[in-house]
2 protein chains.
Amino acid sequence: MPIHAMAAHAAKKPLEKFQYEPAPLGPHDVEIEITHCGICHSDLHLIDNDWGMSTYPLVPGHEIIGIVKAVGPEVAHLRKGMRVGVGWQRNSCQQCEFCQTGQENLCAKMGATCLGNYGGFATAIRTDSRFAFPIPDALSSENAAPLLCGGATTYSPFRLYEVRPSMKVGVIGIGGLGHLGLQWARAWGCEVTALSTTPEKEREAKGFGAHHFLNTRDAGMMKKAAGTFDFLLNTVFAPQDWGALLELLRPNGKLCVVGVPSEPITIPGFPLLLGQKSVVGSVIGSRHMIAEMLAFAARHGVKAQTETFPLDKANDALARLKANRARYRLVLTV
Amino acid sequence: MPIHAMAAHAAKKPLEKFQYEPAPLGPHDVEIEITHCGICHSDLHLIDNDWGMSTYPLVPGHEIIGIVKAVGPEVAHLRKGMRVGVGWQRNSCQQCEFCQTGQENLCAKMGATCLGNYGGFATAIRTDSRFAFPIPDALSSENAAPLLCGGATTYSPFRLYEVRPSMKVGVIGIGGLGHLGLQWARAWGCEVTALSTTPEKEREAKGFGAHHFLNTRDAGMMKKAAGTFDFLLNTVFAPQDWGALLELLRPNGKLCVVGVPSEPITIPGFPLLLGQKSVVGSVIGSRHMIAEMLAFAARHGVKAQTETFPLDKANDALARLKANRARYRLVLTV
């Protein structure tokens, strides 16, 4: 039975209806009937071929939730009828040092759900069951879909860089990623500050768990906050005043970047040294991290704030995201 | 009895003979008769007031070794006749979080041996005994003096950033700091590469413990080495091609900066993220780190390669350092 999808046929073109016959179900594969698929900023980059690695027709979508319809003969941990999610990564070599140590997201041979494969803007997907995650009952599909990529991206830094509940954490940018970062930080037990150039977002930021709001354009507030943060999570893709952010950190403080800035990150050397500070990166999440995140979200009520569009209105949703009007995460319903 | 020293009386001026009456010996103080004092690059910066914090007359020198001549009434761990060393830091508040956790080098109220105080280009010094370290018998004073600052600066990163003996470590720059970094890395059990723009230094770098030599101007060698280092220690003060260094790191790899670059460090965001890499700083060393380093140096035979000058030829030594002709660390003998 063909899979119905929305696909880009060339860079920067609107999506069009598209159907394809899926490849035979491999021994480790699972077929998922998709009910929801979040839209991530990286879908825009894939459609536009901003990273020079897209192939067409391209079916975007890597924040997938759906119901298992069929499993390959080697699949033991999933059954027909289970609700599962799939994120950015669809497979890995299963053999390298990083795969062996639970860091599949660093595997050099990792496959992406939307690269060389048709993604989640579709009625179904066949994919490697080892990268499909059961969704806890407490999470609604609509609110959980964005956790598969945006959630993992903002959760992993807390684990990778050993954030403790006693720390002061700042989340820079209150958007699709940032509103999740605030929720993780609050659920993690931290003292949480939302950093933004938009004072109008203060109320909502506090609704997501921020104790404090710091307008990064207010020089007086920035000066007062100097040297007070243990951990800063930057979710903004636009260039930042990196020196000013570094000044906000206490000694041993870390600035973690999860938005990919288009321009280089420029760091003054002196404060990096004298305060033994770190500028670090984090990319999506490994399998065990995603499973852990889903359980943590279920226990703490972390959820993406979403707006939905039907699958065939995917272009409208993409336009809304591109116009920076998503509040805060868009999800296609199938 | 007055202390005889060499002092700068204004920025960028040659040192001149200078004598002063030391302050009364405080309860925690120790008086040290200096036998050796290393010359650090930062002494040049202090003399020239490059950091805008020098006061004159300025007696440089913060890689001091000498013999205890007198101790204050509260000093229990040092006795007259012991051989001790003093580094960059001369005191701290003893009360803040960082002092309480053995990170005195991060204390906001830390005092420096040569700032607001007369340093080690002198016949003697009175200073806080809590920042004077007994020197193990196995170390010669001449070869150990540079460990008090240059040694601590290059040793601490191994501990702070949890370098393991199974790792591949690169030391960038084969100079006063780098030749110590190579020795620490080799003694630490790592696979060690010296990175330099000067192929002529290969033989000496291997003498300091490098297994391999990488000419960073050789594009072919750099390409071949991409993704192979777990830890890079940058000891160079000149601007670097930071993107190229980041490319040399494996996933989770760390680039640690201990030279203070005058220009900002410019890091491309994509490789930082995708490889979960870190750019980190490290500054001198805490008390327990310096004591540990001295014991480790004694056990592994780590020593600065030195050239000596008598104290009254300090200007000649400074000129040699400024001309980048020190091989590898200069020490004044008193």
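An unreviewed UniProt entry lists chain A under the name alcohol dehydrogenase (NADP(+)), from Candidatus Ozemobacter sibiricus. You can read under Cofactor (unreviewed entry) in the UniProt record for chain A the words "Zn(2+)". Listed in UniProt under the heading Sequence similarities (unreviewed entry), the comment for chain A reads: "Belongs to the zinc-containing alcohol dehydrogenase family."

Caption draft 1: Geometry of the UniProt feature "domain: Enoyl reductase (ER)" (unreviewed entry) in chain A. Following the UniProt record, the feature "domain: Enoyl reductase (ER)" (unreviewed entry) maps to residues 13-332 of chain A here. For residues 13-332 of chain A, the helix share is 26%, the strand share is 27%, and the end-to-end C-alpha distance is 19 Å.

Caption draft 2: Local environment of the pattern of salt bridges. Residue and element names in this part refer to chain A. Applying the stated criterion across every chain, the model contains 22 salt bridges over all chains. Lys322 serves as the salt-bridge partner of Asp48, at 3.2 Å between the closest nitrogen and oxygen. Of the two residues, Asp48 is situated in the loop between helix H1 (41-47) and strand E4 (64-71) and Lys322 in helix H11 (residues 314-322); the sequence distance between them amounts to 274 residues. We classify Asp48 as buried; its relative accessible area is 11%. Between Glu63 and Arg329 there is a salt bridge, with its nearest N and O atoms 2.7 Å apart. Of this pair, Glu63 sits in the loop between H1 and E4 while Arg329 sits in strand E18 (residues 329-333), and the two are 266 residues apart along the sequence.

Caption draft 3: Molecular detail of the interface of chain A and chain B. Residue-level contacts link 35 residues of chain A with 35 residues of chain B. Summed over both partners, the interface of chain A with chain B comes to about 2900 Å²; 63% of that surface belongs to carbon and sulfur atoms. Together, Phe270(A), Leu273(A) and Gln276(A) form the three largest contributors to the area buried by chain A at its contact with chain B, with a combined 23%. In this assembly, chain A and chain B are joined by two salt bridges. Between Arg250(A) and Glu97(B) there is a salt bridge, and its shortest N-O distance comes to 2.5 Å. Counting across the chain A and chain B interface gives 13 residue pairs in polar contact (both at pLDDT 80 or more). Of all the secondary-structure elements, those providing two or more residues to the side of chain A that touches chain B are helix H2 (97-100), strand E14 (249-257), strand E15 (265-267), helix H9 (269-274) and strand E16 (278-281) of chain A. The leading source of residues in the side of chain A that touches chain B is H9(A), at five residues. Residue composition of the side of chain A that touches chain B, grouped by class: 21 nonpolar, eleven polar and three charged.

Criteria and thresholds
Residues numbered from 1 in each chain as written. Chains lettered and ligands numbered in written order. Predicted model: local features only at pLDDT ≥ 70, side-chain atom pairs only at ≥ 80, totals over all residues. Heavy atoms only, no water. UniProt positions renumbered as here; feature names shortened; annotations may be inferred. Helix = DSSP H or I, 4+ residues; strand = E, 2+ residues; numbered from the N terminus. Salt bridge = Lys/Arg side-chain N within 4 Å of Asp/Glu carboxyl O. Buried < 20%, exposed > 50% of the residue type's maximum accessible area, 1.4 Å probe, protein only. Contact = heavy atoms within 4.5 Å. Buried area = accessible area lost by both parts, 1.4 Å probe. Polar contact = N/O pair within 3.5 Å; in protein donor to acceptor, adjacent residues only side chain to side chain. Nonpolar A, V, L, I, M, F, W, Y, C, P; charged D, E, K, R; others polar.

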